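Structural overview for review
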Amino acid sequence: MPDLTGCEMHEGPKQGIGTSRRVFLSNGSHMDETVTQWQELQGFTIRLHKGDQGAPKPFSEASFVYRIEPEGQTTRLTMTMDYTMKGGVIARLMDKAFMNLIIRSTVARIAKNMKGYYETGIPTNKAFKTGSDKNT
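Nothing here was measured: the structure is a model prediction, and the numbers come from that model.

1. What to know about the side chain of Thr34
Here Thr34 is to be found in strand β3 (residues 30-39). At 2.8 Å, the side chain of Thr34 and the side chain of Ser20 are in polar contact.

Now the structure itself:
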C-alpha cells in the first residue's frame, strides 16, 4: 500500500473472514482493514475503516477486492476498490471530476508494490516496518 509505514494485527482470526489489521501511514494517520469475504484460492474482500467510526474520509463505505486466477504458468491478480463518497450530489460530481482518477492511480500503485514484493520478498515502501508493532 502506498505510504504504508507499518501494520499490526488485531486480535482474532489470523486468516479468512474476520482477520483484521491496522495500517499506519506516512502522514501519521491509520486505517483498519478487515476481511469480509474469503474465497480460498480465488480472492478476498477487505473493508476499509477507522475502528467503529466507519470508512475513512471522504468515503461513507470503502472496500478493496482482490481476485486471483491462474493464467497459464502465472497468476493474474485483479484489484478493485469499491466505494461510496460522503456528501451526496456534490461528492458524486467530485468523484467523476477527479476522485476516480486518484483511486485508479492508487490501486495501480498498490498492484505495482504487491508485484514487486511477491517477486522479490522485499517491501517497496522504504519506511515500512515489519512485526507486530509499527515500531519494530
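Resuming the write-up.
2. Here's the deal with helix α1 (residues 88-120)
A maximum bend of about 60° is found in α1 at Lys96. Those residues of α1 hidden inside the fold are in contact with β5 (59-71) and β6 (74-85). Gly121 lies just past α1 and shows a positive phi near 80°.

3. With respect to the pattern of salt bridges
Counted by the stated rule, this structure contains four salt bridges. Between Asp32 and Arg22 there is a salt bridge, with the nearest N and O atoms lying 2.8 Å from each other. Note that Asp32 is positioned in strand β3 and Arg22 in strand β2 (residues 20-25), a separation of 10 residues in sequence. The exposure class assigned to Asp32 is buried, which follows from its relative accessible area of 1%. Among the residues examined, Arg22 registers a relative accessible area of 23% and is labelled partly exposed. The salt bridge partner of Lys115 is Glu119, with a shortest N-O separation of 2.6 Å. Here Lys115 and its partner Glu119 are both found in helix α1, four residues apart, which amounts to about one turn of the helix.

4. Some thoughts on the packing of aromatic side chains
All chains considered together, the criterion is met by five aromatic pairs. On the numbers, 5.6 Å between centres and 25° between planes, the contact of Trp38 with Phe44 is stacked. Judged by its relative accessible area of 22%, Phe44 is partly exposed. Through a chain of ring-to-ring contacts, the aromatic side chains of Trp38, Phe44, Phe64 and Tyr66 assemble into a single cluster.

Definitions and cut-offs
- Residues numbered from 1 in each chain as written.
- Predicted model: local features only at pLDDT ≥ 70, side-chain atom pairs only at ≥ 80, totals over all residues.
- Heavy atoms only, no water.
- Helix = DSSP H or I, 4+ residues; strand = E, 2+ residues; numbered from the N terminus.
- Polar contact = N/O pair within 3.5 Å; in protein donor to acceptor, adjacent residues only side chain to side chain.
- Bend = angle between axes of the 7 residues up to and from the residue.
- Contact = heavy atoms within 4.5 Å.
- Salt bridge = Lys/Arg side-chain N within 4 Å of Asp/Glu carboxyl O.
- Buried < 20%, exposed > 50% of the residue type's maximum accessible area, 1.4 Å probe, protein only.
- Phe/Tyr/Trp six-rings, centres within 6.5 Å; stacked < 30°, edge-to-face > 60°.

Such coordinate-based values are descriptive only and should not be taken to indicate function.
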